[in-house]
Amino acid sequence: MSLPYVILGLLQQQQRTGYDLKTECFNDCIAHLWQADQAQIYRTLDRLEAQGWVSCTVEIQHDRPNRKVYRITEAGDTELRQWLQSHQIPPIVREPLLVQLYFAAQIPNLAIIQLLEQELTVRQKKLAECEAVVIPAAENSTERQQQLHHLVLDLVTRREKTYVNWLQDAIATLQSQSQP
C-alpha cells in the first residue's frame, strides 16, 4: 500500500516522468528503502491519476517518444500529508534465512555455515551500498529534509551492520561447536 505514497512523496519534491521515477529515484535515491519495477510504477501512476492525486502533461518530442510528466495535485498533497501523519502498522517481516535456520538441526554445521556465509556476503554488499549512498539535494530540498533523509539512511545502515554482526557471531558459534 505504500508505493502510491512513495511516488506521491517523490512527485512532491519535483515533477517527474515514470522513467525518471525509476532511474533517478528507485534505482539511485531510495533503492535502500523501497524497490519498484517500471511496470509497478506506471500502474501506480495510472491509479494515482484516476484518483486525482496526480496530473499528467504530455510533452511532445519530435526526435523521441513523447514524455508524460507527472505532478502531484492538491488532492494528492492532502492525501500524502494525511498519510505522513498516520501511524503505520509494522510489517510482518519474512526472513527465509531465519526459517531455514530454525529447522536446520537436521543438517551438518558445515552446510549451515555455508548458508550463513552466503548471506553474510550479500549483507556486506548491501551494507557497503548503504554506506556509499550520498543523499543528493533535491530541487526543493531543505536542510530539514536532508536531516530526515540522513536519519532514515542511518537506521538502514545500522540494521545492515547489526545483521552482518549477527551473521558473523552465528558463524563463529557454529564453527566452535564440535558437531559436524
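### Regarding the nonpolar core
Counting residues in hydrophobic clusters, the biggest one holds 20 residues, and the most contacted among them are Ile7, Leu8, Leu11, Leu21 and Phe26. At the level of secondary structure, the elements contributing two or more residues to this core comprise helix H1 (3-13), helix H2 (18-29), helix H3 (38-51) and strand E3 (67-72). With 7 residues, H1 is the single largest residue contributor to this core. Not counting the four nearest positions on each side in its chain, Leu21 is found in contact with Ile7, Leu10, Leu11, Arg16, Phe26, Ile41 and Leu45. Leu97, Ala104, Leu127 and Tyr163 belong to the second-largest nonpolar core, a separate cluster that totals 13 residues.

### Thoughts on the confidence of the model for the protein chain
Scored by pLDDT, the protein chain comes out at a mean of 89, with 94% of its residues at no less than 70. When pLDDT is averaged over each helix and strand of the protein chain, the minimum, 82, is found for H2 and the maximum, 95, for helix H4 (residues 74-84).

### Quick word on the pattern of salt bridges
Taken as a whole, this structure holds 8 salt bridges when the rule is applied. The partner of Glu119 in a salt bridge is Arg123, with the nearest N and O atoms 2.9 Å apart. Note that Glu119 and Arg123 are positioned in helix H6 (residues 109-132) at a spacing of 4 residues, about one turn of the helix. Grouping residues by exposure puts Glu119 and Arg123 together as buried. Salt-bridge contacts for Lys161 lead to Glu131; the nearest nitrogen and oxygen are separated by 4.0 Å.

### Concerning the packing of aromatic side chains
Applying the stated criterion across every chain, the model contains 4 aromatic pairs. On the basis of an interplanar angle of 40° and a centroid distance of 6.2 Å, the ring pair of Tyr5 and Trp53 is categorised as tilted. Taken as a pair, Tyr5 in helix H1 and Trp53 in the loop between H3 and strand E2 (54-59) lie far apart in primary sequence, 48 residues in all. Considering the side-chain rings of Tyr163 and Trp166, the 5.9 Å spacing of their centres and the 85° angle between planes classify their relative orientation as edge-to-face. One end of the pair, Tyr163, and the other, Trp166, are both in helix H7 (residues 143-176), 3 residues apart, so they sit about a helical turn from each other. Relative accessible area serves as the criterion here: at 12%, Tyr163 is assigned to the buried category.

Procedures and definitions
Residues numbered from 1 in each chain as written. Predicted model: local features only at pLDDT ≥ 70, side-chain atom pairs only at ≥ 80, totals over all residues. Heavy atoms only, no water. Core = buried A, V, L, I, M, F, W, Y, C linked by side-chain atoms within 4.5 Å. Buried < 20%, exposed > 50% of the residue type's maximum accessible area, 1.4 Å probe, protein only. Helix = DSSP H or I, 4+ residues; strand = E, 2+ residues; numbered from the N terminus. Contact = heavy atoms within 4.5 Å. pLDDT = per-residue confidence, 0-100. Salt bridge = Lys/Arg side-chain N within 4 Å of Asp/Glu carboxyl O. Phe/Tyr/Trp six-rings, centres within 6.5 Å; stacked < 30°, edge-to-face > 60°.

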